[in-house]
Amino acid sequence: MDLLDAGGATMGSYFVNEVTVVDVQSSTRGTDFVDLTVTLWCEQALPGADAVWDLIRTGQLNRTGMWHELDAEGRHIWLSVALWSREYQRGDRPDAPDHQVFTLDGGHIVNIDSFYCTLGEGINGPGGYFGWNLDALIDCLRRGWGATPPFTLLWQHSAGARARLVERQETADGVATLFDLLLEIFDEQGIQVILQ
């Protein structure tokens, strides 16, 4: 299923697992057409995502931080739309060249999804995507998602983020907080992180 902007260009696509026809009526477009009402089952399209898609469609997703007021579920929905709209939002823009400095504003990081929202915007601008789980983050750090390594991440308000990203995670070396695991991932990928 393609989601179209006002000009008919594809903003993003979802794989539809199942379609159920609910109603069939003659179309006002002519005798060779019918109007169908369907129910779609699509695992990737999260309930509530339509509001974020509408921001993209209408050109209103034009400044960073628009996700700040969202609750945990809203931030997760925001990230899902950022993922599925990433190519449309980036257009033909190439990755930033290596050795760039990107700013990560840790002042709004309250959980892992807000970290990904902040990182996506820091690298790719409003509504930008740069991962929404640890595996996706590692993929994004390997090129093709907006930044070319090596680069520097200037992490502002990092002490507050450190205090909130305390969930314990299993690692190859034992257990680490989520904050420390993120730093380890950045280090392994050659990303310099400057904590401020």
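Residues numbered from 1 in each chain as written. Predicted model: local features only at pLDDT ≥ 70, side-chain atom pairs only at ≥ 80, totals over all residues. Heavy atoms only, no water.

Colleague: I would appreciate a short explanation of the overall build of the protein in the present structure.
Modeller: Counting its secondary structure elements, the protein contains six helices and nine strands. Seen along its three principal axes, the alpha-carbon backbone of the protein occupies a region of about 65 × 35 × 30 Å. When each of the 196 residues of the protein is scored for burial, the buried share is 39%. Partitioning the intrachain contacts of the protein with sequence separation of at least 6 by distance along the chain shows that 61% fall at a separation of at least 24. Summing over all exposed atoms, the protein offers an accessible surface of approximately 10800 Å²; the carbon and sulfur share of this is 50%. Computed over 12 positive and 28 negative side-chain charges, the separation of the two mean positions in the protein equals 6 Å. (Helix = DSSP H or I, 4+ residues; strand = E, 2+ residues; numbered from the N terminus. Buried < 20%, exposed > 50% of the residue type's maximum accessible area, 1.4 Å probe, protein only. Contact = heavy atoms within 4.5 Å. Areas by Shrake-Rupley, 256 points an atom, 1.4 Å probe, with all protein chains shown as cover. Lys, Arg positive; Asp, Glu negative; His and termini not counted. Charge placed at Lys NZ, Arg CZ, Asp CG, Glu CD.)

Colleague: What should I look at first to understand unusual backbone geometry in this one?
Modeller: A negative phi angle characterises most non-glycine residues, just as the trans form characterises most peptide bonds. Cis geometry is found at the peptide bond from Pro 149 to Pro 150, where omega equals -5 degrees. Along the chain, Pro 150 falls in the loop between α4 (134–141) and β6 (152–156). Located in the positive-phi region is His 99, a residue other than glycine, with phi close to 65 degrees. Its location among the elements puts His 99 in the loop between α2 (72–90) and β5 (101–105). Judged by relative accessible area, His 99 falls into the exposed class, the value being 58%. A positive phi angle, near 100 degrees, is found at Arg 143, a position not held by glycine. For Arg 143, the position within the fold is in the loop between α4 and β6.

Colleague: Looking at this structure, I do not really get a nonpolar patch on the surface. What am I missing?
Modeller: Together, Met 1, Val 19, Val 21, Val 24, Val 34, Leu 36, Val 38 and Leu 40 make up an exposed nonpolar region whose accessible area comes to about 660 Å². Those elements that place two or more of their residues in the nonpolar patch are β3 (18–26) and β4 (34–41). At four residues, β4 tops the list of elements feeding residues into the nonpolar patch. Locating Met 1 in the fold gives a position in the segment before β1 (2–4). Met 1 gets classed as partly exposed once you look at its relative accessible area, which sits at 39%. (Patch = residues over 30% accessible without salt bridge, like charges linked within 9 Å, V, L, I, M, F, W, Y side chains within 5 Å. Salt bridge = Lys/Arg side-chain N within 4 Å of Asp/Glu carboxyl O.)

Colleague: Explanation requested: the nonpolar core in the structure shown.
Modeller: As a rule of thumb, soluble globular proteins bury nonpolar side chains together. Ranked by size, the top nonpolar core spans 45 residues in total, and within it Phe 115, Leu 119, Phe 130, Leu 137, Trp 155 and Phe 186 carry the most contacts. Listing elements by their share of this core, those giving two or more residues are α1 (49–57), α2, β5, α3 (112–124), α4, β6 and α6 (178–188). (Core = buried A, V, L, I, M, F, W, Y, C linked by side-chain atoms within 4.5 Å.)

Colleague: What is the right way to read the packing of aromatic side chains from this model?
Modeller: Each aromatic ring pair is described using two quantities: the centre-to-centre distance and the angle formed by the ring planes. Throughout the structure, instances matching the rule amount to nine aromatic pairs. Seen from their ring centres, Tyr 14 and Trp 84 are 6.1 Å apart, and the 65 degrees between their planes marks the pair as edge-to-face. Placement of Tyr 14 in the loop between β2 (10–13) and β3 and of Trp 84 in helix α2 is noted, with a sequence separation of 70 residues between them. Relative accessible area serves as the criterion here: at 4%, Tyr 14 is assigned to the buried category. Aromatic pair Phe 115 and Phe 186: ring centres 6.4 Å apart, planes at 55 degrees, arrangement tilted. (Phe/Tyr/Trp six-rings, centres within 6.5 Å; stacked < 30°, edge-to-face > 60°.)

Colleague: I tried to follow the packing of α4 against α6 on my own but got confused; where do I start?
Modeller: Packed helices, taken two at a time, are described by their axes: the angle between them and the distance between them. At a closest axis distance of 10 Å, the pairing of α4 and α6 adopts a crossing angle of 25 degrees. Comparing their axes, α6 and α4 come out roughly parallel. Considering only the axes of α4 and α6, their crossing is right-handed. Within the contact between the two elements, α4 uses Leu 134, Leu 137, Ile 138 and Leu 141 and α6 uses Leu 181, Leu 182, Ile 185 and Phe 186. When its residues are assigned to classes, the contact of α4 with α6 shows eight nonpolar, no polar and no charged. (Axes fitted to C-alpha atoms, helices over the stretch in contact; angles between N-to-C directions. Parallel < 35°, antiparallel > 145°, perpendicular 65-115°, else oblique. Left-handed = near helix turned anticlockwise from the far one by under 90°. Nonpolar A, V, L, I, M, F, W, Y, C, P; charged D, E, K, R; others polar.)

Colleague: Is there a simple way to explain the environment of Leu 137 in this structure?
Modeller: Checked against the element boundaries, Leu 137 lands in helix α4. The class for Leu 137 is buried, based on a relative accessible area of 0%. In this structure Leu 137 touches Phe 115, Tyr 116, Leu 119, Phe 130, Gly 131, Leu 182, Ile 185 and Phe 186, once residues within four positions along its chain are discounted.

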